Amino acid sequence: MTETFNVYDNQMTGTIPENLKLRQMWYFDLGRNQFSGTLPIQLGLDYVRLRHLHLDHNRFTGPVPEEIVNAGNGRLLSLNLNDNQLTGALPGNHMFITELNQFTVQNNQFSSMGEGTCKLDVMESGELPEFKSDCDICVCGKNNQMCKNCYN
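Residues numbered from 1 in each chain as written. Predicted model: local features only at pLDDT ≥ 70, side-chain atom pairs only at ≥ 80, totals over all residues. Heavy atoms only, no water.

J.: Kindly report on the sheet that holds strand β3 (residues 27–29), identifying the contributing residues and their values.
T.: Here 6 strands make up an open sheet; going across it, the order is β1-β3-β5-β7-β9-β11 and the pairing parallel. The strands lining the two open edges of the sheet, one partner per strand, are β1 (4–6) and β11 (130–132). For this sheet, the mean inter-axis angle between neighbouring strands, taken without regard to orientation, is 10°. As paired elements, β3 and strand β5 (residues 52–54) share 3 bridges and run parallel to each other. Paired with Asp29 across the two strands is His54, which belongs to β5. (Pairing = 2+ DSSP bridges. Helix = DSSP H or I, 4+ residues; strand = E, 2+ residues; numbered from the N terminus. Axes fitted to C-alpha atoms, helices over the stretch in contact; angles between N-to-C directions.)

J.: If you had to explain the nonpolar core to someone new, which residues and values would you point to?
T.: As a rule of thumb, soluble globular proteins bury nonpolar side chains together. Counting residues in each nonpolar core, the largest one holds 31 residues, and the members touching the most others are Phe28 and Leu55. Elements supplying a minimum of two residues to this core: β8 (85–90) and β10 (109–113). In contact with Phe28, not counting residues within four places along its chain, are Phe5, Leu43, Tyr47, Leu50, His52, Leu53, His54 and Leu55. (Core = buried A, V, L, I, M, F, W, Y, C linked by side-chain atoms within 4.5 Å. Buried < 20%, exposed > 50% of the residue type's maximum accessible area, 1.4 Å probe, protein only. Contact = heavy atoms within 4.5 Å.)

J.: Summarise the environment of Phe60; cite the residues concerned and give the values.
T.: Its location among the elements puts Phe60 in strand β6 (residues 59–62). With a relative accessible area of 0%, Phe60 lands in the buried category. In the structure, Phe60 is positioned 44 residues away from Ile16 in sequence and 9.7 Å away in space, judged by C-alpha atoms. Those residues within four positions of Phe60 in sequence are excluded, and the remaining contacts are Ile16, Leu30, Phe35, Ser36, Gly37, Leu39, Leu55, Asn84, Gln85 and Leu86.

So this is what it looks like as structure tokens:
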């Protein structure tokens, strides 16, 4: 049973297979490689124990499936999608993320961010240590911790 998969910074290429059977995966890090293609919906549906999802600094394209932001049954601790070529609206339909401590989505080509992101408990209470987004999609306003750097 595989619980962690970490190939961070290995110049790996290819796509994420859609048929991985890794229900017990807890930590999944493909960061700083050259992976491409779209993000498979299965990352959000099948990885029920997932707490850390790091897909940053690759060449992923297309929209982020709504299921990705709720991976691990909505109990993600870190979600890093930054520095890819992701497009469309960043989903804001978060289930019940209350322990998220890292959420980085900057340096993509998103057109907008779902307003539900601004209403996460960890956002409103100021308990999110690291949030990074491009200012042109931040809809939370200058009084919200998430977008405060956009108004300086």
